[in-house]
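Structure at a glance
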Amino acid sequence: MRFLMRQSRFSRVVVLLFCGVILQFFASGLPAASLDPAASDYSGRKGVTLYVSKLGDNSDGSSWVKAFHTIQAALLAVPDDKGGHQIIVRPDTYVEANIAPAHPGAAGAYNALIGDFDGSLGSGGKGWVLIDSGDPEKGFKSWDWWGTMRASNKNWSRGNNREIFSAIVCDRWIFRNLYTAGGDAGLFWDLTDKSGEGFTVVVEDCVGTGRAFGGGVCYPIVRKNEPSTFRRCYFLALDFDRDTAAVLIGGWEKTMPEYPHVVFEDCTMVHPDNAVAMSYASHCARAKFVNCRMIVLNFTQPEMGGKSTGIICTQGHSPTGRLHVDLEDCILAGYSLFTPGDEAKAASYTTKGTVQAYVQFKQSLPKGFKRLGLWPIDLFSQIAPPRNPKELKNNRTPTKSSR
């Protein structure tokens, strides 16, 4: 009898522990099954698979032989908004700008745009799928609202402003193994007239470059269990004037949400002045950074009139603008951690693990940051974009190795 009672207690403990693990799993916001139609454990709706290759006959995209010649043609051929569709792209250079799908994905069944970087999906090619939004004859096309992902606003005073178009059409899409360049923004989505709605993208093993923004999302409201997520990505922006950053973030809530709009995992961000910035039109924005590297090249001399707006920037924010960042095992470098002066009051943060910062010697660091006094060699060796997707997938230099 005692044995049976002990066995019964043991069984109850096991059941309680199991239930606790399950509850913690769902409380974390992670889905019970993959939403990625390319994943082996995907159980969602099965959509069509379309192919893009300059070697195809440009007919219907249903095979490599019949592949479309442009990514935009494949995006427009997505037949419905029920999700589970895939577009597979052969490595090559695609001179395209302002691309947008015909339909979003669906809850539980995302769509995916995937570069076949190693030929394992049948393209026979290897290397980057480069989406170049520049002028093929004149070069870099740094023009407002001209970038990789389509978004525009006719209320804007200049640039590609003939109509209002929201990037919300990319909702619940996955982007993988892509290199974007040549335009105003890389892997960046602006909801324009659909601001304040739910929106999620997943970006993995990609390079985003642009004049103003390498990547980012503006201006959704939080989906508790579906934040936009960037994994193993590199972001570079080339301008330093006003609303620009390696990563730009904007939220639409008037009070700070409990959960992030966007999560960055194992990403590198490079910029002349701001690794991360809150958009000037943002209300409350929240982002989480795990094992990320933020490299700002401005270590100015203020005694000679130099100015910096910080690794994490809240310059020129709106009256309702607030930026909260959760930093875990990250390393940052630049003149100052936050925007100097009163505009830093719009920023808040938490730290977890070891969060390191290499800043100008007169700049103070708040609690939770470990100051680096000597030049972080491993960090600055990663200023250049990765030469191929394999460098991103192999975790080029983990932040934790810098301890």
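Residues Thr268 and Val270 of strand β16 (residues 268–271) are buried on one face, and the alternating residues Met269 and His271, pointing to the opposite face, are buried as well. Bridge count for strand β13 (residues 234–237) against β16 is three bridges, and the pairing is parallel. By the bridge assignment for β16, leucine 236 is matched with valine 270. Relative to strand β19 (residues 293–296), β16 is paired through four bridges, and the arrangement is parallel. Across the sheet, the residue bridging to histidine 271 is valine 296, located in β19.

Moving on, we come to the pattern of salt bridges. Under the definition given, this model contains 20 salt bridges. For the salt bridge of arginine 172 with glutamate 226, the shortest nitrogen-to-oxygen distance reads 2.8 Å. Separated by 54 residues along the polypeptide, arginine 172 in the loop between β5 (129–132) and β6 (173–176) and glutamate 226 in the loop between β11 (213–218) and β12 (228–231) bring together distant segments of the chain. The buried category is assigned to arginine 172, whose relative accessible area is 13%. Glutamate 226 gets classed as buried once you look at its relative accessible area, which sits at 17%. Across the pair glutamate 204 and arginine 176 runs a salt bridge, and its minimum N-O distance is 2.7 Å. Residue glutamate 204 is located in strand β9 (residues 201–204), and its partner arginine 176 is located in strand β6; the two are separated by 28 residues in the primary sequence. Per residue, the accessibility class of glutamate 204 equals that of arginine 176, and both read buried. Within the structure, one salt-bridge network assembled from shared partners comprises Asp36, Arg176, Glu204, Arg231 and Glu265.

The next point concerns the environment of valine 52. For valine 52, the position within the fold is in strand β1 (residues 49–52). Between the alpha carbons of valine 52 and arginine 90 there is a distance of 6.2 Å; along the sequence they are 38 residues apart. When neighbours within four sequence positions are excluded, valine 52 is seen to be in contact with Trp64, Ala67, Phe68, His69, Thr70, Ile71, Ala74, Ile87, Ile88, Val89, Arg90 and Tyr94.

Let us look at the sheet that holds strand β14 (residues 245–249). Judged by pairing direction, the sheet is parallel, and its five strands sit side by side in the order β8-β11-β14-β17-β20 without closing on themselves. The open sheet has two edge strands, β8 (185–190) and β20 (312–313), and neither has a second partner.

Another aspect to go through is unusual backbone geometry. The phi angle of most residues is negative, glycine excepted, and most peptide bonds adopt the trans form. Looking along the chain, the bond that leaves cysteine 218 and enters tyrosine 219 is cis, with omega of -5°. By the secondary structure assignment, tyrosine 219 is in the loop between β11 and β12. Even without being glycine, arginine 172 reaches a positive phi, approximately 60°. Non-glycine residue arginine 232 carries a positive phi angle of around 50°.

Moving on, we come to the sheet that holds β6. The strands making up a sheet associate through hydrogen bonds between their backbones, and the pairing can be parallel or antiparallel. Taking strand neighbours across the sheet as the criterion, the 10 strands line up as β1-β2-β4-β6-β9-β12-β15-β18-β21-β23 in an open arrangement whose pairing is parallel. Each having just a single partner strand, β1 and β23 (347–352) make up the two edges of the open sheet. Strand-to-strand twist of the sheet, defined as the mean angle between neighbouring strand axes without regard to direction, takes the value 10°. When β1 meets strand β2 (residues 86–89), the two strands line up parallel, connected through four bridges. When the sheet's bridge partners are listed, tyrosine 51 is paired in β2 with isoleucine 88.

A separate point is the pairing of strand β7 (residues 178–181). Side-chain alternation along β7 places Leu178 and Thr180 on one buried face and Tyr179 and Ala181 on a second face that is also buried. Looking at chain direction, β5 and β7 are connected through four bridges and run parallel. Looking at the pairing, aspartate 132 lines up with alanine 181 of β7. Pairing geometry for β7 and strand β10 (residues 207–210), over two bridges, is parallel. Looking at the pairing, tyrosine 179 lines up with valine 207 of β10.

Chain-level statistics for the protein chain give a pLDDT mean of 91 and a share of 90% at 70 or above. Contacts for the low-pLDDT stretch residues 1–32, under 50 throughout, to residues beyond four places or in other chains number six contacts.

Next up on the list: the environment of glutamine 72. Structurally, glutamine 72 is set in helix α2 (residues 71–76). What glutamine 72 contacts, discounting residues up to four positions off in sequence, is Glu96, Asn98, Ile99 and Ala100. Here alanine 100 takes part through its backbone oxygen, which lies 2.8 Å from a polar atom of the side chain of glutamine 72.

This part is about the environment of asparagine 298. Mapped onto the elements of the fold, asparagine 298 is located in the loop between β19 and β20. According to the relative accessible area criterion, asparagine 298 is buried, its value standing at 15%. In sequence terms asparagine 298 and asparagine 274 are 24 residues apart; their C-alpha atoms lie 8.7 Å from each other. Within polar-contact distance, the side chain of asparagine 298 engages the side chain of aspartate 273 at 3.0 Å.

Moving on, we get to the side chain of arginine 90. Structurally, arginine 90 can be placed in the loop between β2 and β3 (92–95). Buried charged residue arginine 90 carries no salt bridge. Nearest counter-charge: aspartate 92, at 4.4 Å. Among the polar contacts listed, one links the side chain of arginine 90 to the backbone oxygen of serine 123, at a separation of 3.3 Å. Each residue touching arginine 90, except ones within four places of it in the same chain, is listed here: Val52, Ser53, Leu55, Trp64, Ser123, Gly124, Gly125 and Val129.

Parameters at a glance
- Residues numbered from 1 in each chain as written.
- Predicted model: local features only at pLDDT ≥ 70, side-chain atom pairs only at ≥ 80, totals over all residues.
- Heavy atoms only, no water.
- Buried < 20%, exposed > 50% of the residue type's maximum accessible area, 1.4 Å probe, protein only.
- Helix = DSSP H or I, 4+ residues; strand = E, 2+ residues; numbered from the N terminus.
- Pairing = 2+ DSSP bridges.
- Salt bridge = Lys/Arg side-chain N within 4 Å of Asp/Glu carboxyl O.
- Contact = heavy atoms within 4.5 Å.
- Axes fitted to C-alpha atoms, helices over the stretch in contact; angles between N-to-C directions.
- pLDDT = per-residue confidence, 0-100.
- Polar contact = N/O pair within 3.5 Å; in protein donor to acceptor, adjacent residues only side chain to side chain.
- Lys, Arg positive; Asp, Glu negative; His and termini not counted.

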